[in-house]
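In case you want the letters, here they are:
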Amino acid sequence: MLTQFLTILIFVAIIGCILYGRRLIKTEKVDAVFGNPERAKGGTHWVIVGSSAILLVWLYYSWDIAKGFYPKSANELCQVAKINESLLGLKYQFPIEEREFKSTSIIKIENKNLQRVTNEIQNSSDLNDQQKNILVRYIDQTKKLIPLLTNEDLMEMNTKLEIQELTEQIKLLSSDFQKKDYPFETAEQKAERLKAVSEQGSWGIITVRTGTGSIENTIEVPMVPETNKGLKFDYAAKELKLINDKFFKLRNHNLQFKNSIKKLKDEIKSYRKSLDDSDEIASTFAKDIVKIARRIEYASIYPPAALNEMKNAIIEFDNVQKDQQGGLWLIDLILFPAGTIVSSGTSCSEQGSGRWLPKPSDTFNKFVLMSKPSIGYKNIPLLWIEMIDVSSIIGFILPDWIADILPGEYPVHTNEGVVKQNFKGKVLKIVTGDFKLFKIPVPYGHIWDSFLRVFLGLVFGIIIGVPLGLFMGLNRFAKGFFDPLIELYRPVPPLAWAPLIISVLGIDNTGKVFLLFMVSLSIMIISARAGASGTQLSKIHAAHSLGASKRQILRHVIFPNSLPEILTGIRVAVGMCWGTLVAAEFLAGTTGIGFVENVAKKYFQYEVIWITIFIMGMLGLLFDITLRKIIDKTIPWRGKG
Amino acid sequence: MSDLVSLNLNMIFKSPKGETVHALKDVSFTLKKGELLTVLGPSGCGKTTLLNIAAGFLRPTSGKLTLNEKEIDGPGVERGMVFQQGALFEWLTVAENVNFGLRMKQENHEVTAKKVEEWLDIVGLKGFGNTPTYQLSGGMQQRVALARCLINDPDLILMDEPLGALDALTREKMQSLVLKIWKETGKTIILITHSVEEALLLGERLYVMAPRPGRIHKEYKLPFAEMGLKEDLREIKKNKEFSSKREEILSMIWNMEEEIMGKEN
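Quantities reported herein were computed from a predicted structural model and do not represent experimental measurements.

Description of the overall build of chain A
Piece 1. The helix and strand tally for chain A stands at 26 helices and four strands.
Piece 2. By principal-axis analysis of the C-alpha atoms, chain A measures approximately 125 × 80 × 80 Å.
Piece 3. The buried share of chain A, taken over its 641 residues, is 30%.
Piece 4. Taking the intrachain contacts of chain A between residues at least 6 apart in sequence as the baseline, contacts between residues at least 24 apart amount to 78%.

Some words on the overall build of chain B
Piece 1. Secondary structure assignment for chain B yields ten helices and ten strands.
Piece 2. Relative to the globule expectation of 18 Å for 265 residues, the C-alpha radius of gyration of chain B, 19 Å, shows essentially globular dimensions.
Piece 3. If you line up chain B on its principal axes, its C-alpha atoms span 55 × 45 × 40 Å.
Piece 4. Every one of the 265 residues in chain B was classed for burial, and the buried ones make up 43%.
Piece 5. By sequence separation, contacts in chain B at least 24 residues apart represent 69% of the contacts at least 6 residues apart.

Notes on the domain arrangement of chain B
All names here are of chain B.
Piece 1. Once the domains are mapped, chain B shows domain 1 (1–21 + 30–44 + 55–78 + 156–265) and domain 2 (85–153).
Piece 2. When each unit is reduced to the centre of its C-alpha atoms, the spacing between domain 1 and domain 2 is 25 Å.
Piece 3. Contacts between the two partners involve twelve residues from domain 1 and, on the opposite side, eleven residues from domain 2.
Piece 4. Looking at the side of domain 1 that touches domain 2, the element that brings in the most residues is helix H6 (residues 168–185), giving six residues.
Piece 5. Of the residues assigned to the side of domain 1 that touches domain 2, the class counts are nine nonpolar, two polar and one charged.

Thoughts on the packing of helix H24 (residues 550–587) of chain A against helix H25 (residues 593–602) of chain A
All names here are of chain A.
Piece 1. For the pair H24 and H25, the least separation of the axes is 7 Å and the interaxial angle reads 50°. Viewed along their axes, H24 and H25 adopt a mutual orientation that is oblique. The crossing of H24 and H25 is right-handed. Along its contact with H24, which presents Leu581, Val582, Ala583, Ala584, Glu585 and Phe586, the element H25 presents Ile593, Gly594, Phe595 and Asn598.

A few points about the environment of A:Ile18
All names here are of chain A.
Piece 1. Here Ile18 shows up in helix H1 (residues 2–27).
Piece 2. Take Ile18: there are 14 C-beta atoms within 10 Å of it, and that puts it in the partly exposed class.
Piece 3. Note: C-alpha distance between Ile18 and His45 (27 residues apart in sequence) is 7.5 Å.

Some remarks on unusual backbone geometry
Residue and element names in this part refer to chain A.
Piece 1. Following Tyr182, the chain continues into Pro183 via a peptide bond in cis, with omega recorded as 10°.
Piece 2. Take Pro183: it is sitting in the loop between helix H7 (157–177) and helix H8 (187–200).
Piece 3. With phi around 55°, Phe184 is a residue other than glycine that occupies positive phi space.
Piece 4. By the secondary structure assignment, Phe184 is in the loop between H7 and H8.
Piece 5. Unlike most non-glycine residues, Phe604 shows phi in positive territory, near 55°.
Piece 6. Along the chain, Phe604 falls in the loop between H25 and helix H26 (606–634).
Piece 7. Judged by the 10 C-beta atoms lying within 10 Å of it, Phe604 falls in the exposed class.

Let's talk about the nonpolar core
Piece 1. Ranked by internal contacts, the top residues of the largest apolar core, which has 133 residues, are A:Leu516, A:Cys577, B:Ala54, B:Val98, B:Ala147, B:Leu158 and B:Ile190.
Piece 2. In contact with B:Leu158, other than residues within four places in its own chain, are B:Leu51, B:Ala54, B:Ala55, B:Arg79, B:Met81 and B:Ile190.
Piece 3. By size, the runner-up hydrophobic cluster in this structure holds 55 residues, among which are A:Leu59, A:Ile65, A:Ile121 and A:Phe317.

Section: the interface of chain A and chain B
Piece 1. Taken together, the contact between chain A and chain B spans 17 residues of the former and 21 residues of the latter.
Piece 2. In terms of residue count, the dominant contributor to the side of chain A that touches chain B is helix H23 (residues 537–545) of chain A (six residues).
Piece 3. Its residues placed into classes, the side of chain A that touches chain B shows seven nonpolar, eight polar and two charged.

Things to note about the pairing of strand S6 (residues 79–82) of chain B
Residues and elements named next belong to chain B.
Piece 1. Taking every second residue as pointing to the same face, both faces of S6 are buried, with Arg79 and Met81 on one and Gly80 and Val82 on the other.
Piece 2. Pairing of S6 with strand S7 (residues 156–160) involves four bridges; the strand directions are parallel. Bridge assignment links Arg79 to a residue of S7, and that residue is Leu156.

Here we look at the confidence of the model for chain B
All names here are of chain B.
Piece 1. On average, residues of chain B score 82 in pLDDT, and 97% of them reach the 70 mark or higher.
Piece 2. At the level of individual helices and strands, chain B shows its lowest average pLDDT in helix H8 (residues 224–230), which scores 74, and its highest in strand S8 (residues 188–192), which scores 88.
Piece 3. Taken together, the chains of this predicted complex give a pTM of 0.77 and an interface ipTM of 0.89.

Here's the deal with the sheet that holds S7(B)
Backbone-to-backbone hydrogen bonds pair the strands of a sheet. The strands run either parallel or antiparallel.
Residue and element names in this part refer to chain B.
Piece 1. Within the open sheet, the six strands sit side by side as S6-S7-S8-S3-S9-S10. Their pairing is mixed. Either end of the sheet is taken by a strand with one partner, and the two such strands are S6 and strand S10 (215–221). Neighbour to neighbour, the strand axes of the sheet diverge by 20° on average, direction disregarded.
Piece 2. Most of the contacts of helix H5 (residues 138–150) go to S6, to which it runs at about 175°, and overall it touches S6 and S7.

Analysis parameters
- Residues numbered from 1 in each chain as written.
- Chains lettered and ligands numbered in written order.
- Predicted model: local features only at pLDDT ≥ 70, side-chain atom pairs only at ≥ 80, totals over all residues.
- Helix = DSSP H or I, 4+ residues; strand = E, 2+ residues; numbered from the N terminus.
- Buried ≥ 20, exposed ≤ 12 C-beta atoms within 10 Å, placed from the backbone.
- Contact = placed C-beta atoms within 7 Å.
- Rg over C-alpha atoms; globule rule 2.2 N^0.38 Å.
- Domains from an automatic or database assignment.
- Nonpolar A, V, L, I, M, F, W, Y, C, P; charged D, E, K, R; others polar.
- Axes fitted to C-alpha atoms, helices over the stretch in contact; angles between N-to-C directions.
- Parallel < 35°, antiparallel > 145°, perpendicular 65-115°, else oblique.
- Left-handed = near helix turned anticlockwise from the far one by under 90°.
- Core = buried A, V, L, I, M, F, W, Y, C linked by C-beta atoms within 7 Å.
- Pairing = 2+ DSSP bridges.
- pLDDT = per-residue confidence, 0-100.

Structure representation (structure tokens):
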């Protein structure tokens with residue numbers, strides 16, 4: 001429903017905006033000079049066209065438009081696929097999809113093979129003339145087997161009757177197939193099928209088995225036919241399968257052929273027995289000839305006109321089933337670009353872009369599910385709020401040894417078995433958080449965890465990096481002393497540190513925060529140093545002659561003067577930290593956006609992968625916009641000094 | 001006696017390569033309280049070095065400079081400085097720039113605010129107190145720099161080409177302002193300039209310095225500053241005496257420059 005509405009809206013928006021844009025261009029004759037940058041300014045309507053086009057391509061290539069407008073089409077196409085699969089074997093026998101009869105091509109191939117073996121025998125230097133003669137005679141005998149199969153007069157009555165019966169069955173199926181109430185389903189069968197339909201769910205992600213608490217068990221395309229049309233195809237496919245199997249069991253062997261091949265096999269067998277070890281080559285050739293003879297035996301070679309009836313029946317059925325598809329083939333052609341469901345055979349899966357490009361509607365559904373605290377991803381939602389008592393936060397922050405260093409002893413129980421609390425005991429309760437206060441909301445979830453790691457890493461980097469950077473910018477000793485240290489670790493890609501740091505500090509927050517701290521530290525030091533050493537001397541002179549002390553100059557002149565560099569450094573560091581964090585979460589961890597993507601990768605959950613990609617992009621953008629706003633607010637003088 | 005006395009001031013710079021530059025050689029002079037001295041000279045004659053020593057940013061190699069009989073050995077509030085580019089703190093507003101010195105001394109807030117108002121009025125920036133400095137034009141920035149320096153009530157004001165970066169019209173206005181402030185406050189001022197006209201117009205006394213080694217080449221006592229307090233500056237420029245002095249000094253500096261070029265070639 002939403003997809004249909006969205007698709008139509010997009011079409012309207014694109015057409016409307018293009019028309020508006022064209023009208024605007026016509027009225028803008030004033031600046032007709034090519035290359036005037038003024039002309040590139042503004043144009044929200046083109047932004048709408050651009051983003052709508054992206055969304056449309058996404059809707060189209062993920063087959064979401066097909067799903068929105070024809071929700072049953074995938075299920076029906078799956079049934080068509082079943083018929084195609086059943087027909088495939090039969091069709092290959094005739095020049096319907098192939099160029100020639102299967103019999104013709106087998107005869108051609110085997111004749112060629114026999115000729116090749118003959119040549120090899122004639123030219124072989126390891127065979128004596130007698131052996132050659134015997135082998136060539138066998139080849140002639142094998143060749144003579146083929147006419148025994150292709151002669152219609154020799155064909156047995158039984159075989160003819162069976163072919164006729166199969167043909168009749170196909171014809172009957174064709175006529176039945178066109179009937180409205182085919183396959184004559186009883187009420188009981190129907191009830192059973194509909195039950196199965198309701199159990200299998202529908203195309204894409206709509207329902208979730210809440211009992212399991214996970215959303216991994218979603219299906220691509222439902223297999224059990226939902227519609228009457230689908231049922232027809234499903235049933236016919238089953239019938240065809242039976243015909244198909246029967247036909248492949250059928251052999252066109254008459255008495256004369258059976259005798260001849262038996263005789264040939266026996267002769268070759270006894271000949272091979274008569275040969276000793278030194279005549280291994282002759283034995284191998286004889287074996288090859290038997291192989292060819294056996295292939296002819298099992299290849300179902302029929303006389304040229306024997307299967308004509310059947311061929312026509314199959315062609316007729318094929319036409320009938322295509323007829324019965326109605327508009328379905330058009331939907332398949334137009335709304336299922338870059339792939340198809342039909343080629344998946346009986347497995348009923350999306351073969352093509354619909355598989356790895358998740359449908360917007362599915363993605364949205366999955367996003368909603370992942371955001372729900374009751375479902376989440378691996379039982380953790382993306383972002384939610386938890387009520388936590390302030391006492392546990394206090395207990396977490398205050399170290400326990402505060403109680404230990406107090407004078408006195410912890411309370412000891414009395415003879416009556418009563419514990420009397422004293423001051424030291426009470427302090428212990430406070431520092432361990434063993435008391436009740438009011439509750440405050442605290443966010444948690446994958447997004448929050450990732451955000452917190454970046455934030456903490458960045459804050460530590462700033463707290464240590466900025467003072468150190470300023471110090472290095474102002475002091476020759478500090479510059480010289482710390483420079484080698486920083487220049488040694490800074491050029492190493494942060495991810496190269498990750499395995500070491502994660503194995504030393506653990507896969508939880510500590511390791512990642514430390515890694516991000518390392519990333520942000522070097523950036524903050526370098527930017528603060530550049531800011532400090534870039535202070536104009538005249539400003540420092542001015543502050544000096546206005547009576548400022550060293551500390552005051554640092555606080556009121558050098559620091560504000562370095563602020564543009566420091567804030568730019570923060571902006572760079574955020575980007576670097578964000579990229580490093582996601583990769584670090586890939587490596588190890590139990591929460592975080594990178595962790596979600598890594599798990600989704602293992603289970604081929606394309607929707608989740610795309611959702612994480614989207615979230616990462618949005619969060620990165622959000623960080624950057626926020627910082628840009630902060631920069632604009634705090635240092636409006638930047639570049640104007 | 002609040003005089004600025006210079007006694008055999010020498011300044012020798014050593015470059016890392018071992019070359020020595022004699023920036024100042026035996027510079028001696030006495031500047032009485034309330035005098036306006038302009039210093040003129042070709043580039044490299046040690047004007048700025050002299051000013052930096054007076055401000056306390058540099059220590060002389062030998063000799064000494066005393067203000068009020070106290071030797072100068074570091075920057076101090078009693079010597080205010082105005083720079084060529086203003087050197088304003090662009091992250092502060094006009095008022096915050098002006099009261100910077102007082103804030104650093106942590107003076108009373110209300111008194112400071114009142115003083116800032118007064119000084120902004122004197123330099124012609126009334127009502128600009130809350131304007132961010134980076135939004136000001138070059139001339140206005142120099143006015144702020146003047147106010148910032150004067151609010152500290154220094155005994156000596158050092159100006160390092162304060163009007164060098166301004167356009168001709170603004171420059172003329174600022175020259176009048178400098179004269180006005182000099183008259184009203186009676187401060188001792190040393191003003192360094194590149195412009196001969198400016199040096200003549202503003203200087204009660206004028207030193208022409210010569211380079212290599214930097215020294216005082218010639219000293220003038222001029223009447224034009226006094227005249228400028230009453231008359232229009234443009235009228236003074238038409239004065240015959242003014243023109244002849246200007247030609248004399250110009251040719252003097254021209255010769256110095258020629259001499260340097262000759263040495264280098």
